[in-house]
2 protein chains.
Amino acid sequence: MSEARVPRGRRPGAPDTKAAILTAARRRFAASGFARTSVRSIAADAGVDPALVHHYFGTKDELFLAALELPVDPRKVLLPAIAGGPEGAAERMLRAFLSVWDDPELQVRLVGVFRGILDSDGERLLREGFLPVVLGPVGEALGIDRPELRMPLVASQVVGLILLRYVIGMEPLASLSGDDVVAIYAPTVQRYLTGELP
Amino acid sequence: MSEARVPRGRRPGAPDTKAAILTAARRRFAASGFARTSVRSIAADAGVDPALVHHYFGTKDELFLAALELPVDPRKVLLPAIAGGPEGAAERMLRAFLSVWDDPELQVRLVGVFRGILDSDGERLLREGFLPVVLGPVGEALGIDRPELRMPLVASQVVGLILLRYVIGMEPLASLSGDDVVAIYAPTVQRYLTGELP
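Residues numbered from 1 in each chain as written. Chains lettered and ligands numbered in written order. Predicted model: local features only at pLDDT ≥ 70, side-chain atom pairs only at ≥ 80, totals over all residues. Heavy atoms only, no water.

Enquirer: Just to check I follow, could you spell out the overall build of chain A for this structure?
Expert: Secondary structure assignment for chain A yields ten helices and zero strands. Secondary structure elements in chain A, listed N-terminal to C-terminal, are α-α-α-α-α-α-α-α-α-α. Relative to the globule expectation of 16 Å for 198 residues, the C-alpha radius of gyration of chain A, 17 Å, shows essentially globular dimensions. With the C-alpha coordinates aligned to their principal axes, the bounding extent of chain A is approximately 50 × 35 × 30 Å. In chain A, which comprises 198 residues, the share counted as buried stands at 53%. For chain A, contacts bridging at least 24 residues in sequence account for 70% of all contacts bridging at least 6. Here chain A displays about 8700 Å² of accessible surface, and carbon together with sulfur accounts for 55% of that area. Charge separation in chain A, taken as the distance between the mean sites of 23 positive and 24 negative side-chain charges, equals 5 Å. (Helix = DSSP H or I, 4+ residues; strand = E, 2+ residues; numbered from the N terminus. Rg over C-alpha atoms; globule rule 2.2 N^0.38 Å. Buried < 20%, exposed > 50% of the residue type's maximum accessible area, 1.4 Å probe, protein only. Contact = heavy atoms within 4.5 Å. Areas by Shrake-Rupley, 256 points an atom, 1.4 Å probe, with all protein chains shown as cover. Lys, Arg positive; Asp, Glu negative; His and termini not counted. Charge placed at Lys NZ, Arg CZ, Asp CG, Glu CD.)

In structure tokens, the structure reads:
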């Protein structure tokens, strides 16, 4: 998954400025939600020019993902799963998911991020940011109908799996092989992606 | 659901003793897990006779549920859903679940309990206590095969739904009607209860 890793470490020249921007971004996104936060307001909080924010972090989407401090970019991880279209997408998405979450080093860091998001400050990031930045684009790229309902349904199963398998470690979920996880959950996720809904 | 409510309020005569027992129980269950905690050890921590613990709270299962401070007893809520056997059990369980979680007063208190459990101290309660006290008996009463795998699978979907619909309030999940929730999730839960598994 190395090509999917978000570049880490400080770029030379401006570690304090970048850190200040990320701190301002985390505060703004958590307080105002993704949609109502502007790059301009984050730049103002950090005391820098908006152009510098774009220079360091790219778009608002990129800045949001950088502020979450994810060890991987979920959009890049899911790219190969999306490429094949809706048919069989659930199994490909679950295998991509497991390639990241079953990696011991990444798992430790992802559990940390997940716990942070569950703090009340971070909930807004999940509720209002993860949907437009990650779930929405993935659903649209897959070409499914009603992505605004289907992707949250997928999330409701995957988040429960994350919580019990990785965060809490409830057996036998914690010890299931990746193949068993795929066999059990792919039909559920596939139905949410392409099955009949009310 | 009134008959399913856990009796609340202090019984006359020994509010401090009961509170001390509950505090000791919460600490012991969180620190040592459900299986390795004895009523005797809780009684010793609270400085009372084990017989008094049984007198106030009944069995260790009852004491565990009292320590969680649930506003309802999940076993009683699920009783009518269990009575009909595995066929259609998922829809009956989801309707019982919604009758509690969609009740505004109960919802506020349940979200509080859920948040508390997600604190690291409380995770052990969920991982090691909820399974033997709630999920296990429900699975056995339903008469399904492999309840030790099937009930955690059900939990992995229901916990994700709780987190997104009630705790985080992600749309459109938060606003779905109860009927839509049942139509969407019953096939998933029913497959986990009675479908083919690897």
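Enquirer: Just checking my understanding: could you explain the packing of aromatic side chains for this structure?
Expert: Aromatic ring pairs: the centre-centre distance and the angle between the two ring planes describe each pair. For the coordinates displayed, the defined rule picks out 16 aromatic pairs over all chains. With centroids separated by 6.4 Å and ring planes inclined at 70°, the aromatic side chains of B:Tyr56 and B:Phe57 adopt a geometry described as edge-to-face. Given the relative accessible area of 14%, B:Tyr56 is considered buried. Overall, the relative accessible area of 11% leaves B:Phe57 in the buried class. Taken together, the ring pairs connect A:Phe29, A:Phe34 and A:Phe64 into an aromatic cluster. Lying over the aromatic face of A:Phe34, A:Lys60 brings its terminal NZ or CZ to 4.5 Å of the ring centre. (Phe/Tyr/Trp six-rings, centres within 6.5 Å; stacked < 30°, edge-to-face > 60°. Lys NZ or Arg CZ within 6 Å of the ring centre and 35° of its normal.)

Enquirer: How do you make sense of helix 7 (residues 104-118) of chain B when you look at a structure like this?
Expert: Given 3.6 residues per turn, any residue in an α-helix points the same way as the ones three and four places further on. All names here are of chain B. The terminal C-alpha atoms of helix 7 lie 21 Å apart, and with 15 residues this matches the ideal 21 Å at 1.5 Å per residue to within 8%. If you check which residues of helix 7 are buried, you get Leu106, Leu110, Val111, Val113, Phe114, Ile117 and Leu118. For helix 7, the buried positions fall inside an angular range of 165° around the axis, keeping them on one side. For helix 7, exposure combined with an orientation more than 90 degrees from the buried face picks out Pro104 and Val108. (Expected span 1.5 Å × (residues − 1). Arc of directions from axis to C-beta.)

Enquirer: It is not clear to me how the interface of chain A and chain B should be interpreted in this structure. Could you clarify?
Expert: Often the size quoted for an interface is simply the accessible area lost on bringing the parts together. On the side of chain B, 38 residues touch chain A, which itself brings 38 residues to the contact. Together, the buried faces of chain A and chain B total about 3200 Å²; carbon and sulfur atoms form 69% of this surface. Ranking the residues of chain A by area buried against chain B places A:Ile168, A:Met170 and A:Ile184 at the top, with a combined share of 18%. On inspection of chain A and its partner chain B, the count reaches zero salt bridges. Of the residues forming the side of chain A that touches chain B, the biggest block, 13 residues, is contributed by helix 9 (residues 147-167) of chain A. The class makeup of the residues in the side of chain A that touches chain B is 25 nonpolar, six polar and seven charged. (Buried area = accessible area lost by both parts, 1.4 Å probe. Salt bridge = Lys/Arg side-chain N within 4 Å of Asp/Glu carboxyl O. Nonpolar A, V, L, I, M, F, W, Y, C, P; charged D, E, K, R; others polar.)

Enquirer: Explain the pattern of salt bridges to me, please; I cannot follow it from the model alone.
Expert: Side chains that differ in charge, positive against negative, can pair when their charged atoms come close. Overall, the coordinates contain 18 salt bridges over all chains when judged by the stated rule. Measuring nitrogen to oxygen at the nearest pair gives 3.0 Å for the salt bridge that ties A:Arg150 to A:Asp145. With a relative accessible area of 4%, A:Arg150 lands in the buried category. For A:Asp145, a relative accessible area of 44% puts it in the partly exposed group. In this structure, B:Arg28 engages B:Asp45 in a salt bridge whose closest nitrogen and oxygen atoms are separated by 2.7 Å. Remark: B:Asp45 occurs in helix 2 (residues 39-46) and B:Arg28 occurs in helix 1 (residues 15-32); sequence separation between them is 17 residues. Connected through shared salt-bridge partners, A:Glu62, A:Asp73 and A:Arg75 make up one network.

Enquirer: Honestly, the nonpolar core in this entry has me stumped. Any pointers?
Expert: The tendency in soluble globular proteins is for nonpolar side chains to be buried side by side. A:Leu193 and B:Leu193 are the most contacted members of the largest nonpolar core, which has 152 residues in total. At 14 residues, the largest contribution of residues to this core is made by helix 9 (residues 147-168) of chain B. In contact with A:Leu193, not counting residues within four places along its chain, are A:Ala89, A:Ala90, A:Met93, A:Leu142, A:Ile144, A:Arg150, A:Met151 and A:Val154. (Core = buried A, V, L, I, M, F, W, Y, C linked by side-chain atoms within 4.5 Å.)

Enquirer: Help me understand the relation of the copies chain A and chain B, please; the structure alone is not making it clear to me.
Expert: In this structure, two copies of a chain are linked by a rotation about an axis accompanied by a shift along it. Rotating chain A by 180° and translating it 0.0 Å along the rotation axis places it on chain B, where the RMSD comes to 0.0 Å. Taken together, the rotation and translation relating the two chain copies correspond to the operation of a two-fold axis. Using C-alpha coordinates, one finds that chain A approaches the rotation axis most closely at A:Gly160, a distance of 1.9 Å. Most of the interface of chain A is mirrored in chain B: 100% of its interface residues are interface residues there too. (Least-squares fit on C-alpha atoms with pLDDT ≥ 70 in both.)

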